[in-house]
Amino acid sequence: MARLDWIQKELKNLKEAGLYNNIRTLGSPQGAWLEVDGRKVLNFCSNNYLGLANDPRMVAAAQDALKRYGVGPGAVRSIAGTMDIHTELEKRVAAFKQAEAAITFQSGFCANLGTIQALVGKRDVIFSDELNHASIIDGCRLSGATIVRYEHCNPASLEQVIKENEGTYEKAMIITDGVFSMDGDIAPLDKLYEIAQAHDIILMVDDAHGEGVLGKSGRGIVDHFNLHGKVDIEIGTFSKAFGVVGGVVSGNAVIIEWLKQRGRPFLFSSAVTPPDVAACIAAIDILESSTELVDRLWENGRYFKAGLKDMGFDIGFSETPITPVMLGEAPLAQQFSRELFENGIFGTSIGYPTVPKGKARIRVMISAAHSRDDLDDGLDAFEKVGKKLGVI
Ligand SMILES: *Cc1c(COP(=O)(O)O)cnc(C)c1O
């Protein structure tokens, strides 16, 4: 057993540092209210932005697909796993985003891994925002390209590192999160696009938290900045606002064609299941039919943020419904989360390595599924716990 002693030691360290993931279990569908560890609580931490995860229209679409296509795809996409609904979803995403084409993956994580390594390699360079998501970082590492970080959301810093590295590489890519998941701020994609154009560099944005949130009817960050047809690659996920699971790459048709030949999770991991695919198509139907859910999401986000701010909480610099409640040290954030739970509120703490050391927080995730009463109950609990722990 000695060969595993180090793990026990590391786990103990995590617990002492307040960084151990205590995983709670849901006994209900996603929604504003959940049954968590056997208790009914108000949910402030899932990515179900629009309440679609348990929407009856989505469930019905999945059930229909289940009857028609069964449960599994039976193969990877490039061999025998491409069903007509997979290609239909890709066409629908491309049309929704006004992109030339789209390709789906099993998750946003897979989309990042597959896309980056298909486009750059050892002799190439990636200019990467310093706060990019873990799946981008892993995709960059897998590619073998040189990774050069630039200051968070800072076009001048990007410009500078491009100049510093001029002549040292064959190909280059700029990669950024669209909406930064832990802070809720938005990448200056219009400026990044200008820089990418000026230097003829491939531009990629990961819009996991912008889809269903930013732009008209949730069309995402490219729509938000009116950059249709200009951003080479837009990564998306169906696991957040879409309420399902799966990843997607939309953008330049040549890149999409190449990913069908060289995107490794597309070639070597089985396709998304038919019910999931059908539910994703239903989500697009819902978004295209009305802006109601997206509007309510933003209204709820503004209301909750204003409430927390009035109480004196530090809620960072979010420009979206993501609301970080900054607490500093991880043990305090964990204690805050436990106290919230005692008060019937589910809000998990987030610490290193998901956010930098000393920047632990409760990341409040607002949803269109919340009623005004839900939001008021949440605010009351934050006030009570914040005062008890001396945060406000
Ligand atoms: C959540 C997230 C992902 C991963 O998406 P999944 O579909 O859950 O794998 C990728 N990138 C960013 C920026 C994310 O926030």
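Residues numbered from 1 in each chain as written. Predicted model: local features only at pLDDT ≥ 70, side-chain atom pairs only at ≥ 80, totals over all residues. Heavy atoms only, no water.

1. A few points about the pairing of strand β4 (residues 125–129)
For β4, the tally of buried residues reaches five of five residues, placing the bulk of the element in the interior. The alternating pattern of β4 places V125, F127 and D129 on one face and I126 and S128 on the opposite face, and all of these are buried. Bridging between β4 and strand β5 (residues 146–150) involves five bridges; their strand directions are parallel. In the sheet register, D129 faces β5, and the bridge partner there is Y150. Following the backbone out of β4, through helix α6 (residues 134–143) and into the adjacent parallel β5, one traces a crossover that is right-handed. The pairing of β4 with strand β6 (residues 172–177) spans four bridges and is classified as parallel. Across the sheet, the residue bridging to F127 is I174, located in β6. (Buried < 20%, exposed > 50% of the residue type's maximum accessible area, 1.4 Å probe, protein only. Helix = DSSP H or I, 4+ residues; strand = E, 2+ residues; numbered from the N terminus. Pairing = 2+ DSSP bridges. Right-handed = clockwise from strand over helix to strand, strands pointing away.)

2. A look at empty space enclosed by the protein
Applying the stated rule across the entire model yields two cavities of 30 Å³ or more. In this model, the largest cavity occupies a volume close to 60 Å³. Along its surface, the largest cavity is lined by G31, A32, N43, S46, N48, M365, S367, A369 and H370. Tallied by class, the residues present in the lining of the largest cavity amount to three nonpolar, six polar and no charged. As for the second largest cavity, its lining consists of R77, H86, T104, F105, Q106, P265, F266, S269, A271 and V272. Secondary-structure elements contributing two or more residues to the lining of the second largest cavity are β3 (101–105) and α11 (264–268). For the lining of the second largest cavity, the class distribution of residues is five nonpolar, four polar and one charged. (1 Å grid on protein atoms, 1.4 Å probe; cavity = no way out; pocket = protein on both sides within 12 Å on 5 of 7 lines; lining within 4 Å. Points joined across faces, edges and corners; volume = space filled by probe spheres on them. Nonpolar A, V, L, I, M, F, W, Y, C, P; charged D, E, K, R; others polar.)

3. Considering the UniProt feature "modified residue: N6-(pyridoxal phosphate)lysine" (unreviewed entry) in the protein
Summarizing the sequence annotation, UniProt attributes the feature "modified residue: N6-(pyridoxal phosphate)lysine" (unreviewed entry) to K240 in the numbering used throughout. Looking at the element boundaries, K240 is found in the loop between β8 (233–237) and β9 (247–251). The class for K240 is buried, based on a relative accessible area of 13%. In this structure K240 touches N47, N48, Y49, A208 and H209, once residues within four positions along its chain are discounted. (UniProt positions renumbered as here; feature names shortened; annotations may be inferred. Contact = heavy atoms within 4.5 Å.)

4. Here's the deal with the sheet that holds strand β10 (residues 322–328)
Two modes of strand pairing occur in sheets, parallel and antiparallel, and in both the strands are linked by backbone hydrogen bonds. Strand order in this open sheet of three strands is β10-β13-β12, and the pairing throughout is antiparallel. At either margin of the open sheet sits one strand with a lone partner, and together these are β10 and β12 (349–350). Inspection of the sheet shows β10 paired to strand β13 (residues 360–365) by six bridges, in the antiparallel sense. When the bridges of β13 are listed, V325 appears paired with I362. The strands touched by helix α14 (residues 330–342) within the sheet are β10, β12 and β13, with β13 carrying the most contacts at an inclination of about 40 degrees. (Axes fitted to C-alpha atoms, helices over the stretch in contact; angles between N-to-C directions.)

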